[in-house]
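# Structure at a glance
Okay, here's what each chain looks like letter by letter:
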Amino acid sequence: MIDLIKKHKGLAILSGLSLILIIIMIAIFLSLYFGGSKNKYGNRLDGIEEVKIDNSFYDTLSASLRENEGVEEAKCRLQGKIIYVELTLNNSVSKDKAKEIARATLEMFEEDKLAFYDLEYFLRWKANEDEENAVDTVIVGTKHPYIDDISWTRS
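Our subject in this report is the structure included herewith.

Cut-offs used in this document
- By convention here, each chain's residues receive numbers from 1 onward along its written sequence.
- Two thresholds apply to this predicted model, a pLDDT of at least 70 for residue-level local features and 80 or more for giving and counting side-chain atom pairs, whereas whole-chain, interface and lining totals are computed over all residues.
- As a convention, hydrogens and water are excluded, and side-chain values are obtained from all of the structure's heavy atoms.
- In this text, helices come from DSSP runs of H or I with a minimum length of four residues, and strands from runs of E with a minimum of two, each type numbered from the N-terminal end.
- Radius of gyration here is computed from C-alpha atoms only, and the compact-globule reference equals 2.2 Å multiplied by the residue count raised to the power 0.38.
- Relative accessibility decides the category of a residue: with a 1.4 Å probe and only protein chains considered, values under 20% of the type maximum give buried, values over 50% give exposed, and everything between is partly exposed.
- His residues and chain termini do not enter the charge count, which takes Lys and Arg as positive and Asp and Glu as negative.
- For the purpose of locating charges, the reference atoms are NZ of Lys, CZ of Arg, CG of Asp and CD of Glu.
- Two strands qualify as a pair provided DSSP detects at least 2 bridges between them.
- Contact between two residues is taken to exist if any of their heavy atoms lie within 4.5 Å; hydrogens are not considered.
- Every angle, taken between N-to-C directions, lies between 0 and 180 degrees, and every axis is a line fitted to C-alpha atoms, over only the stretch in contact when it is a helix.
- By definition, a salt bridge exists where a carboxyl oxygen of Asp or Glu is found within 4 Å of a side-chain nitrogen of Lys or Arg.
- Each polar contact in these results corresponds to two N or O atoms within 3.5 Å; when the atoms are within protein, one needs to be able to donate a hydrogen and the other to accept it, and residues that are neighboring in sequence are counted only if both atoms are side-chain atoms.

## Things to note about the overall build of the protein
- Summing up its helical and strand segments, the protein has 5 helices and 5 strands in all.
- When the helices and strands of the protein are placed in sequence order, the string is α-α-α-β-β-α-α-β-β-β.
- Its C-alpha atoms give the protein a radius of gyration of 27 Å, more than 25% over the compact-globule value 15 Å for 155 residues.
- Judged by the C-alpha coordinates and their principal axes, the protein covers about 90 × 45 × 25 Å.
- The burial tally for the protein puts 29% of its 155 residues in the buried class.
- Averaged over its 20 positive side-chain charges, the protein has a centre that lies 13 Å from the centre of its 26 negative ones.

Have a look at this one:
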């Protein structure tokens, strides 16, 4: 065996390096596949206990949104660290007015919560059933913790 290795030095070195590389790749794969967090969000929710929002807040937020003229339905929910606000509006409400209603919700949040949570807004106008091929209109807005205002899709 030693004679074979001495005879084929270059191949032996290449085979040894290949073996070491395969062992390193297997170790990395196993650590990534099995060594991760058991939580589906990983470590993205670290620190959420300090800025936890009570469930009653979402009910209050929904109720305050329904008080606005033209808002038919309002739903708020938390998933991970994203707060989803869904508004169903009358066709009489303009897009600008709907965006103002959504922007007003930012005042209901405390500063530390706005600095931690992402906010997603879905503004929806139902299509008239009497129109053929009518489609619901949806505008999506998002507010990142590091940005002060809501960014809207083109409308």
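## Things to note about the sheet that holds strand β3 (residues 118-125)
- Strand order in the open sheet formed by 5 strands is β1-β2-β3-β4-β5, and the pairing between neighbours is mixed. Of all strands in the sheet, those with a lone pairing partner are β1 (71-79) and β5 (151-152), marking the two edges.
- Pairing between β3 and strand β4 (residues 137-143): 7 bridges, direction antiparallel. Residue pairing in the sheet places R124 in a bridge with V138 of β4.
- Docked against the sheet, helix α3 (residues 55-66) engages β1 and β2 (82-89), running at close to 160° with respect to β1.
- On top of the sheet, helix α4 (residues 95-104) reaches β1, β2, β3, β4 and β5; it is set at about 150° to β3, its chief contact.

## Some words on the side chain of E120
- Residue position: E120 is located in strand β3.
- Here E120 sits buried without a salt bridge, and the closest side chain of opposite charge, R77, lies 9.3 Å off (N-O distance).
- In terms of polar contacts, E120 uses its side chain to reach the side chain of T142, at 2.8 Å.
- When sequence neighbours within four positions are dropped, the list of residues in contact with E120 reads I82, I83, Y84, V85, V140, G141 and T142.

## Focus on the environment of E111
- Among the secondary structure elements, E111 is positioned in helix α5 (residues 111-114).
- Classification of E111 by relative accessible area gives exposed; the value is 64%.
- Taking C-alpha positions, E111 is 9.8 Å from P145, a pair spaced 34 residues apart along the chain.

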